[in-house]
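This is what each chain is made of:
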Amino acid sequence: GWFLLCLLPSILRARASPETRPSSPLCQQSPTKVSCKGAGLQKFPKELGQGIKYLELSNNFIQNLSGSNMPGFGQLEYLDVCFNQLESISASALAELPQLRSLLLGSNHLDRNYLANGEAFHLLRNIEVLDLSVNDLESHMASWYISNLTSLRVLDLSGNMMTKLLAGTFRNSPRLRQLDLSHNYIMEIQEGAFEPLEELEVLNLALNSLHCISGFSLTQLQVLNLSHNALELFSEEEGAEPYLLRVLDLSHNRLLSFPELPRAHDLTHLNLSNNLIASLLPGSPYPREFIVPYKEMQRFNRTLRPVATLTHVADLDLSNNRLELFPFSFFHSLGSLHSLSLARNCLQDVARESVANGTELSVRSLDLHSNALRVLPRWFFNSLPHLESMDLGSNSLQPCESQESDQGRDFQGDSHTSAPGDTCSPFYNVPRLKHLSLSKNNISRLQPHAFNGTPLLSLDLSGNRDLSMPMGALAGLELSLQVLSLRDNQMDEAVLPCLGTLRVLDLSGNHLSLLPTGLSCSPLESLDVQNNNLQALGTVGSWSHSLRAVSVAGNPWSCCSLGWLDA
């Protein structure tokens, strides 16, 4: 999360000091810290004074800070006046605060009297943390306020009325490390605006109106948030110096292709969700409906692999794009990739023509929910030997049947081709898979031994209308499965094996008149049977010591068969 200066929780809960210092009855204080948050104050509480280093005055009605109200605060280091009605700050007031390091002024009216206020700010020579968020400041006002704050390390200008970043805005703030410009209306960043910020590590430009980032030159930056803009292009500055960028968020933009990041060798988290990316394969043209509007696009070599240097990326989010194909070759060079999301795309198939023998991905968590997948061949699973968690909800996948006679053959079979007539996906013999969701896949019948040899801890089969589960469907999970969801399947009956480790079972939203046989084997802790046709719960003696939560609403319970409540 981003550094929200004004939402810091009150840390002052100490009982008032026995020393008889005058104070407001609604303030909490210790010898050096005072909190008057939400105390209804209309002016600065000058009676506190003497020795206080930390003062919280947020959520009050203070309109001005003047020198006459602030004697005796010479040791104050932290002042929070967020969420007041502040519109005037005098030079004489700030002159009384020579030790001030953190000044939080968010959610006030500092657009008023900004010239005089900004002049007074010239006295804040030691200020390191400044919050000016949500003050209706325009670009030139913000520039004036910080024009002489040479010691600034953290600056929050979010939620203002800025439309562009002026070239000289940060000229006198070379020590800035964290800068929040989110939730403005910034459409233009003038050339050289960030040039003085050689120590900047965290930059938040989310929720603005930027259309193009060309020649991005902040090589020392470690965290960059550009989400919720209108970006169609993101390109680095030409040169040889490597970038230190570790986290890059480009989600909720209008990117047409994977960004060119040839020097971002240290990148570990990349979010490209909610864009317009239609293909990841080298040489793919831009979509026909888009006209190439930026001359910078012409210089890109679209035959190169844009991820060839991203060897440290561990988390890649490509959800909510327009991808139709899962290209293994694209992800192969991402040797550190652990978490990959391609949810809510248009995936219909996985690319197999370019997958060579021995091609493996390091992915542990794979999210492919809400696509149009019909078949995942055996080579797909063989190419993901480290896979632990997989979400395939809202597709059209049918699990294959596993027989002991063909388990070994299927596992060792052709690793990069699948038969043209394949209509099911083999979820058996996936050696490290622990969490699997097949919810809303229109599975009508679960085949015997469908998950045999796969050590699942949790399995979600919810939302498969009229699902049939014959004897042996969950065979092989007796000693591993802990969480099972059969919710909203409208099943008339369910047959479960003796699941000796099952702790959580969701059977809600079905037509069950009897609980599945075999449940007495399970050390259930949570049971949900809401909205079924149960008149009695049956014998629950085996769960009497383990069951912690049971949901039973929406059943036609018989008042003559409530003995199970005693247990």
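Predicted model only: the values in this text are computed from it and were never measured. (Residues numbered from 1 in each chain as written. Predicted model: local features only at pLDDT ≥ 70, side-chain atom pairs only at ≥ 80, totals over all residues. Heavy atoms only, no water.)

S.K.: Give me the lowdown on the packing of aromatic side chains, citing residues and values where you can.
M.R.: In this structure the tally under the stated criterion is 15 aromatic pairs. Judged by centre distance (4.3 Å) and plane angle (0 degrees), the ring pair of Tyr-54 and Tyr-78 falls under stacked. Of this pair, Tyr-54 sits in strand β3 (residues 54-56) while Tyr-78 sits in strand β5 (residues 78-80), and the two are 24 residues apart along the sequence. No difference in accessibility class separates Tyr-54 from Tyr-78, as the two residues are buried. With 5.6 Å between their ring centres and 75 degrees between their planes, Phe-326 and Phe-380 make a pair best called edge-to-face. Taken as a pair, Phe-326 in strand β20 (residues 325-327) and Phe-380 in helix α6 (residues 378-382) lie far apart in primary sequence, 54 residues in all. Classification of Phe-380 as buried rests on a relative accessible area of 0%. (Phe/Tyr/Trp six-rings, centres within 6.5 Å; stacked < 30°, edge-to-face > 60°. Helix = DSSP H or I, 4+ residues; strand = E, 2+ residues; numbered from the N terminus. Buried < 20%, exposed > 50% of the residue type's maximum accessible area, 1.4 Å probe, protein only.)

S.K.: Please set out the pairing of strand β16 (residues 233-236) residue by residue, giving values where relevant.
M.R.: Across a regular strand the side chains alternate sides, sitting on one face of the sheet and then on the other. Burial of β16 is two-sided: the residues Leu-233 and Ser-235 facing one way and the residues Phe-234 and Glu-236 facing the other way are all buried. Inspection of the sheet shows strand β14 (residues 212-216) paired to β16 by 3 bridges, in the parallel sense. Of the residues in β16, the one forming a bridge with Phe-216 is Glu-236. (Pairing = 2+ DSSP bridges.)

S.K.: Got a sec to walk through the state of the cysteines? Specific residues and values, please.
M.R.: This model, assessed by the stated rule, comprises 3 disulfides. Covalently, Cys-27 is tied to Cys-36 through a disulfide, its sulfur atoms 2.0 Å apart. Residues Cys-27 and Cys-36 share a disulfide whose torsion about the S-S bond is about 115 degrees; that sign makes it right-handed. Taking relative accessible area as the criterion, Cys-36 reaches 0% and is therefore assigned buried. Residue pairing for Cys-400: its cysteine sulfur links by disulfide to Cys-424, the two sulfurs lying 2.0 Å apart. In this structure, the disulfide formed by Cys-400 and Cys-424 twists by about 100 degrees around the S-S bond and is classed as right-handed. Here Cys-424 lies in the loop between α7 (404-412) and β25 (435-437) and Cys-400 lies in the loop between β24 (389-391) and α7, a separation of 24 residues in the sequence. Classification of Cys-424 as partly exposed rests on a relative accessible area of 26%. Distance from the sulfur of Cys-560, which forms no disulfide, to the nearest cysteine sulfur (Cys-559) is 6.7 Å. (Disulfide = S-S within 2.5 Å.)

S.K.: Explain the side chain of Asp-249 to me, and be specific about the residues and the numbers.
M.R.: Within the secondary structure, Asp-249 sits in strand β17 (residues 247-249). There is no salt bridge for the buried Asp-249, and the closest opposite charge comes from Arg-344, which lies 14 Å off by N-O distance. For Asp-249, the residues in contact, after removing those within four places along its chain, are Leu-224, Asn-225, Leu-226, Ser-227 and Asn-271. (Lys, Arg positive; Asp, Glu negative; His and termini not counted. Salt bridge = Lys/Arg side-chain N within 4 Å of Asp/Glu carboxyl O. Contact = heavy atoms within 4.5 Å.)

S.K.: Go over the environment of Leu-524 with me, naming the residues and quoting the values.
M.R.: By the element assignment, Leu-524 lies in the loop between β28 (504-506) and β29 (526-528). Accessibility expressed as a relative area gives 0% for Leu-524, which makes it buried. Contacts of Leu-524, omitting those with residues within four sequence positions, involve Leu-502, Arg-503, Val-504, Leu-505, Trp-543, Ser-546 and Leu-547.

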